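# Structural overview
For reference, the chains in residue letters:
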Protein chains: 2
Amino acid sequence: MRPFKHPEIDAVSLEHLLHALSDPVRMDIVRRLADEGEASCNALDGGRPKSSMSHHFRVLREAGLVWTRNDGTVHMNSLRRKELDKRFPGLMKAVLTAK
Amino acid sequence: MRPFKHPEIDAVSLEHLLHALSDPVRMDIVRRLADEGEASCNALDGGRPKSSMSHHFRVLREAGLVWTRNDGTVHMNSLRRKELDKRFPGLMKAVLTAK
DNA sequence: GCTATTGTTCGAAATATATCGAACTATAGA
DNA sequence: TCTATAGTTCGATATATTTCGAACAATAGC
């Protein structure tokens, strides 16, 4: 698989980012990435079908939240935390803190 | 019209709140309420039909973002800012700051 | 009571989103 | 080259959401 295209952080819209976070499956992915640093799609599927997860990871990537790199057959995902903190100061902290 | 029921702030879910904010019309309403303090539905419609606006205000109310009080035939809306700041510290500030 | 004003509710149509199986692609390793 | 593994893409279905006109409800003022 070729590397993914990720949006420039400045092109990321708040609207799309909030929409991406407003789904429980995706919010769960984001929280786990925030905790665990980097993880494969596989490791975060919670028993859901691969195609469903692939969809959610795509939404997260396109929203600018997640960076995916290829490592063999595995896709390793991570939060674009530093960039996000610059682009939307305080947002991710507030979101991840909220219970 | 009878007074609306607003959710208890502790019953407000981050998920629903983020979804409510992920629509451009509603985000615009929230920004203007943050600026102007209190406003009627009418004052914020931007030329859109009343029924569309009524829908968006309902979503905002049910998400816990907006408080609506009756004042004669007018419905005055305001951000539940203080409560939101307690419930989700830093969130509204980050959202409203983002450009 | 009558009328104008503000919004809500209902119903329908258009659009978007979520979910998931099946087929496919790419890579690692034997 | 063959096989197993990790994800993507496609296509279909189900569900949500947005939008808006039309009918309705509540209040103010005459």
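Just above, that's the structure.
As the structure is a prediction and not an experimental result, all values here were calculated from the model.

### Re the sheet that holds strand β1 (residues 39-40) of chain A
Backbone-to-backbone hydrogen bonds join strands into a sheet, with any given pair of strands oriented parallel or antiparallel. Residue and element names in this part refer to chain A. The strand order across the open sheet built from three strands is β1-β3-β2, with neighbouring strands paired in antiparallel fashion. Each edge of the sheet is formed by a strand with only one pairing partner; in this case those strands are β1 and β2 (66-71). Relative to strand β3 (residues 74-79), helix α2 (residues 24-36) is tilted by about 85 degrees, and along the sheet it contacts β1, β2 and β3.

### With respect to the interface of chain A and chain B
Think of interface size as the accessible area that goes away when the parts come together; that is how it is often given. The partner chain B presents 18 residues to the 18 residues of chain A that form the contact. Summing both partners gives a buried area of about 1500 Å² for chain A against chain B, and 68% of it is carried by carbon and sulfur. The interface formed by chain A and chain B includes two residue pairs in polar contact (both at pLDDT 80 or more). For the side of chain A that touches chain B, the elements supplying multiple residues, two or more each, are α1 (14-21), α2 and α5 (91-97) of chain A. At five residues, the largest contribution of residues to the side of chain A that touches chain B is made by α1 of chain A. For the side of chain A that touches chain B, the per-class residue count stands at 11 nonpolar, three polar and four charged.

### Notes on the pairing of β2 of chain A
Strand direction decides the pairing type here: β2 of chain A and β3 of chain A, joined by six bridges, are antiparallel. Across the sheet, Arg69 of chain A pairs through a bridge with Met76 of chain A, a residue of β3 of chain A.

### A short note on the layout of surface pockets
All names here are of chain A. Estimated volume of the second largest pocket: approximately 390 Å³. Cys41, Asn42, Lys50, Ser54 and His75 are the residues nearest the centre of the second largest pocket, which is lined by 16 residues in total. Ranked by residue count, the leading element in the lining of the second largest pocket is helix α3 (residues 50-62), at six residues. When the residues that make up the lining of the second largest pocket are grouped by side-chain class, the tally is six nonpolar, five polar and five charged.

### Let's talk about the sheet that holds strand β2 (residues 66-71) of chain B
All names here are of chain B. Within the open sheet, the three strands sit side by side as β1-β3-β2. Their pairing is antiparallel. In this open sheet, the two strands that pair with only one neighbour each are β1 (38-40) and β2. Within this sheet the neighbouring strands show an average axis-to-axis angle of 30 degrees, counted without direction.

### Topic: the pattern of salt bridges
All names here are of chain B. Per the counting criterion, the structure on display carries 10 salt bridges over all chains. In this structure, Glu38 engages Arg69 in a salt bridge whose closest nitrogen and oxygen atoms are separated by 2.7 Å. Pair noted here: Glu38 is in strand β1 and Arg69 is in strand β2, with a separation of 31 residues, a long-range link. By relative accessible area, Arg69 is classed as partly exposed at 35%.

### Regarding the side chain of Arg61 of chain A
All names here are of chain A. Within the secondary structure, Arg61 is located in helix α3. Here Arg61 occupies a buried position and makes no salt bridge, while the nearest side chain of opposite charge, Glu62, is found at 6.9 Å. Apart from the residues within four sequence positions on either side, Arg61 is in contact with Phe4, His6, Pro7, Val66, Thr68 and Asn77.

### Describing the environment of Met27 of chain B
Summarising the element assignment, Met27 of chain B is placed in helix α2 (residues 24-36). You can call Met27 of chain B buried: its relative accessible area is 8%. For the pair Met27 of chain B and Asn77 of chain B, spaced 50 residues apart in sequence, the C-alpha separation works out to 14 Å. Discounting residues that sit within four places of it in the chain, Met27 of chain B has contacts with Leu14 and Leu18 of chain A together with Leu21 and Val95 of chain B.

Conventions adopted
- Sequence positions are assigned chain by chain, starting from 1 and proceeding in written order.
- For naming, the first written chain is A and the first written ligand is 1, with later ones following in the order written.
- Per-residue local features of the predicted model are confined to residues with pLDDT of at least 70, and side-chain atom pairs are confined, for both listing and counting, to 80 or more; whole-chain, interface and lining totals are unaffected and use all residues.
- Hydrogens and waters are ignored; side-chain quantities use all the structure's heavy atoms.
- Note on pairing: two strands pair once DSSP finds at least 2 bridges between them.
- Comment: elements are numbered from the N terminus, with helices defined as DSSP H or I runs of at least four residues and strands as E runs of at least two.
- We call two residues in contact when some of their heavy atoms are within 4.5 Å.
- Fitting a line to C-alpha atoms yields each axis, with helices limited to the stretch in contact; the angle taken between N-to-C directions then spans 0 to 180 degrees.
- Simply put, the buried area is the total loss of 1.4 Å probe accessible area from both parts when two parts are fitted together.
- In protein, a polar contact means a hydrogen-donor-capable atom and an acceptor-capable atom, both N or O and within 3.5 Å, with residues adjacent in sequence counting only if both atoms are side-chain atoms; elsewhere, any N or O pair within 3.5 Å suffices.
- Charged residues are taken to be Asp, Glu, Lys and Arg, nonpolar residues to be Ala, Val, Leu, Ile, Met, Phe, Trp, Tyr, Cys and Pro, and polar residues to be all remaining types, Gly included.
- The distinction between a cavity and a pocket rests on a 1 Å grid over the protein atoms alone: a 1.4 Å probe fits inside a cavity but cannot get out, while a pocket stays open yet meets protein on both sides within 12 Å along at least five of seven lines, and a residue with an atom within 4 Å of a point counts as lining.
- Grid points are joined across faces, edges and corners, and a volume is the space filled by probe spheres set on the points.
- Should a side-chain nitrogen of Lys or Arg be within 4 Å of a carboxyl oxygen of Asp or Glu, the pair is scored as a salt bridge.
- Categorising residues by exposure relies on relative accessible area from a 1.4 Å probe, with only protein chains included: less than 20% of the type maximum marks a residue as buried, more than 50% marks it as exposed, and the intermediate range marks it as partly exposed.
- The sign given to each residue is positive for Lys and Arg and negative for Asp and Glu; His and the chain ends receive no count.

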